[in-house]
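Reading the structure
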Amino acid sequence: MVLHPPDHEHFDDQMIKMEVNLDDTPGEWLGYVMDLLFEAGANDVFYTPIYMKKNRPAVLLQLLCSQKNSSKMKEILFKETTTLGVRYYPLTVHRLERMFNKVTTEWGTVTVKEGIYEGEIVQSAPEYDECKKIAQQYNIPLKQVYAQVWKAMGQ
C-alpha cells in the first residue's frame, strides 16, 4: 500500500532525491523499472538523456521518495538496472494543499485536482486516467475531454 503525503499545505523535510547514470541499461527495461519504483512508493521518477565519458549516450534516472522508502528504491535500482552506485541528496518539498472536486461533462464525471497556496487555488488539473477512459469509451480526442472539463470549470 502506497501512502501519499497529506493534502494540507506543508513542508516535507524527510524527502530524498536518488539518481543513477545508466549507459548500458536497455531502453525497454526503463519503463519496467519506473513501474517498480512507483509501486514501491516513489513520489516521482524521471529520465533525462545525458552523455557520459567518451561521449557515450546514457540516461540519468532520478527519483524522489521519502527517506523511509530509500532502502526499497536502492534495492530496485541495484537489482533491476546496471548501475554500480546510487547518489543521494536530502531535500525539502513544499507541498500545496490539495482538494479534489468533481466536474460533470456530457460523457460523465471527472475529478479535478486543485492546488491551493495560502488559501487561493493556483493549480487545477483534470485526472488524466479518467479523461483517458472517457476518450477511449466515446472514441473522442483526449483534448476534447479536457476542453469540456475546462469549460465546465469556467476556464
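Coordinates for the structure precede this section.
In this report, we go over the structure that sits alongside the text. (Residues numbered from 1 in each chain as written. Predicted model: local features only at pLDDT ≥ 70, side-chain atom pairs only at ≥ 80, totals over all residues. Heavy atoms only, no water.)

Some points on the overall build of the protein
Definition in use: Helix numbering and strand numbering both begin at the N terminus, where a helix is a DSSP run of H or I of at least 4 residues and a strand a DSSP run of E of at least 2. The quantity called the radius of gyration is restricted to C-alpha atoms. Its globule counterpart is 2.2 Å times the number of residues to the power 0.38. The rule is simple: take the accessible area with a 1.4 Å probe, protein chains only, and divide by the maximum for that residue type; under 20% is buried, over 50% is exposed, in between is partly exposed. Note on contacts: a residue pair qualifies if any of its non-hydrogen atoms lie within 4.5 Å across the two residues. Throughout, the Shrake-Rupley method with a 1.4 Å probe supplies accessible areas, and for residues the shown protein chains are the sole cover considered. Counting rule for charge: Lys and Arg are taken as positive, Asp and Glu as negative, and neither His nor the chain ends is counted. By convention, charge coordinates are those of NZ in Lys, CZ in Arg, CG in Asp, or CD in Glu.
Looking only at helices and strands, one finds four helices and seven strands in the protein. Walking the protein from its N terminus toward its C terminus, one meets helices and strands in the order β-α-β-β-α-β-β-β-β-α-α. Computed over C-alpha atoms, the radius of gyration of the protein comes to 19 Å, more than 25% over the 15 Å expected from 2.2 N^0.38 for 155 residues, which places it beyond the range of a compact globule. For the protein, the spread of C-alpha atoms along the principal axes amounts to about 55 × 40 × 30 Å. The buried share of the protein, reckoned over its 155 residues, is 34%. Long-range contacts, defined here as pairs at least 24 residues apart, represent 60% of the contacts in the protein between residues at least 6 apart. About 10,000 Å² of surface is accessible on the protein, with carbon and sulfur atoms providing 52% of the total. Taking the 17 positively charged and 21 negatively charged side chains of the protein as two groups, their mean positions are separated by 6 Å.

Things to note about the pattern of salt bridges
Selection criterion: The rule for a salt bridge is simple: a side-chain nitrogen of Lys or Arg has to be within 4 Å of a carboxyl oxygen of Asp or Glu.
Counted according to the given criterion, the structure contains four salt bridges. In this structure, Asp12 engages Arg95 in a salt bridge whose closest nitrogen and oxygen atoms are separated by 3.7 Å. Here the residue Asp12 occupies a position in strand E1 (residues 10-22), and Arg95 occupies one in strand E4 (residues 87-95), the gap between them amounting to 83 residues. Glu75 serves as the salt-bridge partner of Lys79, at 2.9 Å between the closest nitrogen and oxygen.

Considerations on the sheet that holds strand E5 (residues 97-105)
Note the following rule: Note on pairing: DSSP must find at least two bridges between two strands before they are called paired. Axis definition: a line fitted to C-alpha atoms, limited for helices to the stretch in contact. Angles are taken between N-to-C directions and run from 0 to 180 degrees.
Across the sheet, which stays open at both edges, the three strands sit in the order E5-E6-E7 with antiparallel pairing between neighbours. At either margin of the open sheet sits one strand with a lone partner, and together these are E5 and strand E7 (120-126). Going from strand to strand, the sheet's axes swing by 30° on average, the running direction of each strand aside. Pairing between E5 and strand E6 (residues 108-117): nine bridges, direction antiparallel. Paired with Val103 across the two strands is Val110, which belongs to E6. With respect to the sheet, helix H3 (residues 128-138) is in contact with E5, E6 and E7, its orientation differing from that of E6 by roughly 155°.

Thoughts on the sheet that holds strand E3 (residues 56-66)
Reading across from one edge, E2-E3-E1-E4 is the order of the four strands in this open sheet, with antiparallel pairing throughout. Two strands in the sheet have a free side with no partner beyond their single neighbour: strand E2 (44-52) and E4. Sheet twist, expressed as the average angle between the axes of neighbouring strands with direction ignored, equals 30°. The pairing of E1 with E4 spans eight bridges and is classified as antiparallel. Note on E4: the bridge partner recorded for Glu19 is Arg87. The sheet strands contacting helix H1 (residues 27-39) are E1, E2 and E3, and the helix crosses E2 at an angle near 145°.

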